[in-house]
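Structural characterization, general
Below are the chains, spelled out letter by letter.
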Amino acid sequence: MPEPHDRTPPLVLAMQWSSRITTISLEMVVPGLIGYWLDQRLRTGFLLLTLGIAIGLTTGIMSLVRIARQPPDDHPNE
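We now turn to the structure provided with this report. Only a predicted model underlies this, so the values are computations on that prediction, with no experimental measurement involved.

Let's talk about the environment of Ser63
Locating Ser63 in the fold gives a position in helix H2 (residues 47-69). Not counting the four nearest positions on each side in its chain, Ser63 is found in contact with Ile24 and Glu27. Within the structure, the side chain of Ser63 is placed 2.6 Å from the side chain of Glu27, a separation counted as a polar contact.

So this is what it looks like as structure tokens:
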């Protein structure tokens, strides 16, 4: 006998996706902002900004790949 589908309310799903999107966007932006701030304090040109952007993009892409590899939760055991 098949199990009933998950009855997660749509608002809960929307909040979960909103949280994921916010987290990924912050992972991409915050390292660049920190690099910019450090460049201004240490007067290192754009070295740390470039490093921060590279780190941010790398972590953001890794998070997107992790989400893409997750099996869908809306149809368990099918």
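A word on the packing of aromatic side chains
Under the defined criterion, the tally for this structure stands at 0 aromatic pairs. One Lys or Arg, Arg20, reaches over the ring of Trp17 and ends 4.5 Å from the middle of that ring.

Some thoughts on helix H1 (residues 10-42)
In this model H1 runs 48 Å from its N-terminal to its C-terminal C-alpha over 33 residues, within 8% of the 48 Å that 1.5 Å per residue would give. Along H1, the positions that sit buried rather than exposed are Ile24, Pro31, Gly32, Gly35 and Asp39. Buried residues belonging to H1 abut H2. Downstream of H1 by a residue or two, Arg43 has a phi angle that is positive, lying close to 55 degrees.

What counts as what
- Residues numbered from 1 in each chain as written.
- Predicted model: local features only at pLDDT ≥ 70, side-chain atom pairs only at ≥ 80, totals over all residues.
- Heavy atoms only, no water.
- Helix = DSSP H or I, 4+ residues; strand = E, 2+ residues; numbered from the N terminus.
- Contact = heavy atoms within 4.5 Å.
- Polar contact = N/O pair within 3.5 Å; in protein donor to acceptor, adjacent residues only side chain to side chain.
- Phe/Tyr/Trp six-rings, centres within 6.5 Å; stacked < 30°, edge-to-face > 60°.
- Lys NZ or Arg CZ within 6 Å of the ring centre and 35° of its normal.
- Expected span 1.5 Å × (residues − 1).
- Buried < 20%, exposed > 50% of the residue type's maximum accessible area, 1.4 Å probe, protein only.

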